[in-house]
There are 2 protein chains.
Amino acid sequence: MTAVLEDARENTRARIEQAALELFSRQRFENVTTDEVADAAGISRRTFFRYFATKADAVWGDFAAHVDRLAALLDATGDDQPVLSSICAAYVEVNDYSLDELPMLRQRMRLILGEPALQAHSQVRYNEVDRVVAEHVARRTGARPEALVPRLVATSTRAAATTAFEVWIADGRRPLARALHDAFEQLAEGFPTLRGPGRR
Amino acid sequence: MTAVLEDARENTRARIEQAALELFSRQRFENVTTDEVADAAGISRRTFFRYFATKADAVWGDFAAHVDRLAALLDATGDDQPVLSSICAAYVEVNDYSLDELPMLRQRMRLILGEPALQAHSQVRYNEVDRVVAEHVARRTGARPEALVPRLVATSTRAAATTAFEVWIADGRRPLARALHDAFEQLAEGFPTLRGPGRR
DNA sequence: TTGCTGGTGGCACCCGGTGTCACTAACGTC
DNA sequence: GACGTTAGTGACACCGGGTGCCACCAGCAA
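Reading the values: rules and limits
- Residues numbered from 1 in each chain as written.
- Chains lettered and ligands numbered in written order.
- Predicted model: local features only at pLDDT ≥ 70, side-chain atom pairs only at ≥ 80, totals over all residues.
- Heavy atoms only, no water.
- Helix = DSSP H or I, 4+ residues; strand = E, 2+ residues; numbered from the N terminus.
- Buried < 20%, exposed > 50% of the residue type's maximum accessible area, 1.4 Å probe, protein only.
- Contact = heavy atoms within 4.5 Å.
- Areas by Shrake-Rupley, 256 points an atom, 1.4 Å probe, with all protein chains shown as cover.
- Lys, Arg positive; Asp, Glu negative; His and termini not counted.
- Charge placed at Lys NZ, Arg CZ, Asp CG, Glu CD.
- Least-squares fit on C-alpha atoms with pLDDT ≥ 70 in both.
- Near = heavy atom within 4 Å.
- Polar contact = N/O pair within 3.5 Å; in protein donor to acceptor, adjacent residues only side chain to side chain.
- Nonpolar A, V, L, I, M, F, W, Y, C, P; charged D, E, K, R; others polar.
- Phe/Tyr/Trp six-rings, centres within 6.5 Å; stacked < 30°, edge-to-face > 60°.
- Lys NZ or Arg CZ within 6 Å of the ring centre and 35° of its normal.
- Axes fitted to C-alpha atoms, helices over the stretch in contact; angles between N-to-C directions.
- Parallel < 35°, antiparallel > 145°, perpendicular 65-115°, else oblique.
- Left-handed = near helix turned anticlockwise from the far one by under 90°.
- Core = buried A, V, L, I, M, F, W, Y, C linked by side-chain atoms within 4.5 Å.

This brings us to the overall build of chain A. Per the secondary structure count, chain A includes 10 helices and zero strands. Put simply, chain A runs from its N terminus to its C terminus through helices and strands in the order α-α-α-α-α-α-α-α-α-α. Out of the 200 residues belonging to chain A, those deemed buried represent 50%. Long-range pairs, those at least 24 residues apart, make up 65% of the contacts in chain A with a sequence separation of at least 6. When the accessible surface of chain A is summed, it comes to about 10,100 Å², and 50% of that surface belongs to carbon and sulfur atoms. Here chain A contributes 26 positively and 29 negatively charged side chains, and the mean placements of these two sets differ by 5 Å.

Our focus in this paragraph is the relation of the copies chain B and chain A. Rotating chain B by 180° about the axis while translating it 0.0 Å along that axis superimposes it on chain A, leaving an RMSD of 0.1 Å. One copy is carried onto the other by what is essentially a two-fold rotation axis. Looking at chain B, 100% of its interface residues are interface residues in chain A too, so the copies touch through the same face.

Looking now at the protein's contact with DNA strand C. DNA strand C sits among 20 residues. The nearest are T47 and R50 of chain A together with R45, R46 and K55 of chain B. Of all DNA strand C atoms lying within 4 Å of any protein atom, the proportion belonging to sugar or phosphate reaches 50%. One nitrogen or oxygen atom from the main chain of K55 of chain B is found 2.6 Å from a phosphate oxygen belonging to DNA strand C. Listed by contribution, the elements that provide at least two residues to the surface near DNA strand C are α3 (45-51) of chain A together with α3 (45-51) of chain B. The class makeup of the residues in the surface near DNA strand C is seven nonpolar, six polar and seven charged.

Surrounding DNA strand D, one finds 19 residues, the nearest of these being R45, R46 and K55 of chain A together with T47 and R50 of chain B. The contact atoms of DNA strand D, taken as those within 4 Å of the protein, divide so that sugar and phosphate hold 49%. Interatomic distance of 3.4 Å between a backbone N/O atom of V32 of chain A and a phosphate oxygen of DNA strand D. One of the side-chain nitrogen or oxygen atoms of T47 of chain B is found 2.3 Å away from a phosphate oxygen of DNA strand D. Secondary-structure elements contributing two or more residues to the surface near DNA strand D are α3 of chain A together with α3 of chain B. Here the surface near DNA strand D is built from residues that sort into six nonpolar, six polar and seven charged.

Residues and elements named next belong to chain A. Under the criterion given, the structure shown has 14 aromatic pairs over all chains. Arranged with centres 4.9 Å apart and planes meeting at 80°, the rings of W60 and F63 form a pair that is edge-to-face. Residue classification places W60 among the buried positions, given a relative accessible area of 7%. Relative to W168, the ring of F165 lies with its centre 6.1 Å away and its plane at 75°, an arrangement referred to as edge-to-face. You can see F165 and its partner W168 sitting in helix α9 (residues 148-171), three residues apart, about one turn around the helix. Over the aromatic face of W168 sits the side chain of R106, whose NZ or CZ is 4.3 Å from the ring centroid.

Bringing the packing of helix α6 (residues 83-94) of chain A against α9 of chain A into the picture now. Residue and element names in this part refer to chain A. Remark: α6 packs on α9, axes separated minimally by 11 Å, with the N-to-C direction vectors making an angle of 45°. Regarding the angle of α6 to α9, the classification is oblique. Judged by the twist between their axes, the crossing of α6 over α9 is right-handed. Along its contact with α6, which presents L84, I87 and Y91, the element α9 presents V153, T157, R158 and A161. Of the residues contributing to the contact of α6 with α9, the split by class is five nonpolar, one polar and one charged.

The next subject is the side chain of N95 of chain B. Along the polypeptide, N95 of chain B turns up in the loop between α6 (83-94) and α7 (102-114). Not counting residues within four places of it along the chain, the set of residues in contact with N95 of chain B comprises H66, F165 and L176 of chain B.

With that settled, consider the side chain of D130 of chain A. Residues and elements named next belong to chain A. In this structure, D130 sits in helix α8 (residues 116-141). On the basis of relative accessible area, D130 is assigned to the buried category, the value being 10%. Those residues in contact with D130 that lie beyond four places of it in its chain are A154, T155 and R158.

Attention now moves to the nonpolar core. Among the nonpolar cores identified, the biggest contains 126 residues, and I87 and V133 of chain A together with I87 and V133 of chain B are the most heavily contacted of them. Apart from the residues within four sequence positions on either side, I87 of chain A is in contact with L74, V133, H136, V137, V153, T157 and F184 of chain A.

By themselves these figures say nothing about function.
Below, the structure is given as structure tokens:
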């Protein structure tokens, strides 16, 4: 493909994403048709579905790249730190956006976590993340990736990450990295606060 | 409503569920239309959607009752046992099916955990469970249900439960209650197997 | 000019889901 | 036993997400 065309495609893709994010945020996901998004982006409905497989995908940006980065970070981690620390660090690093990108991330996550249709769609995406994490745990512990512990670590760390996101969205003052660390610490220590303030 | 009609409704509902479960298992969820399910159940498509709000709901049976039972079990739990033990016990109890009901449960869960469209739909259902569990944790710890720890406990215990279900589906020899206990123990102890076999 | 390539729009179609209306069977009332 | 009421049902039209197909049109090479 020509460089010119490639640029045009990237441009169009970005325009669609932007239009989708804005319309979905303003009028709720279900109340916006793909026709309206396409119109706002200056393309036809048919073309919308050439850039994004589903209406929901326009919200997720390039999530595959996200997962790839997570996998690379986990691969590069040393065997000296605890497994959960590696996973936490990878989650923090992969979500380390610059200050001017944060509003966009907030908007995205507010949609993904708040709109039921997008919440449903997210499960499919999370599976890719879980697979990557389970494989890392399997490598570190020598277990099979399909065994209980690798799967469990993958799903519960992901639960920790999404919960941290929810708290971050709702609160606003607490930095995302802080919420992630708090959640992972609870998980790694077996929920110390459940045992009451005094005891350990 | 008359007793006769009520019986007829229950009967029809059961017939739809059965037809749906069988068709979805045999030909995959996406390859079966609601028209086909309706035909197999001897009703019209329109009537199918009077019994179940979505195609996916036909797989879930009476899930609201399930959630209510879970809530009741959590309400009835004593303050003497650890919070995670209460939740584990409630999950075990609510999934304690008799031997002749097990094949149906297996079929249901195999669909829910295996079919992407149903996996997506499940997220919405799990939210109800998470709400109930988070409220219980909040009551036990004095925190707000929207705070990090109650939410995190809810999502990660649910992650433990679904992972246990996955292992149970895949393995077949390990009883479900056993898988649930194993998963919850890992969670409660902060994943002891991650720290290697020797150390604690 | 000719031919190829790849993005695009329009169209018809499938399927899940909903609103509406007319029909019918069961029930209570006089 | 005729009556209106009530609730389940089926048929139909419609909407919106998603897909297959084809015709069109740029950009490019020979």
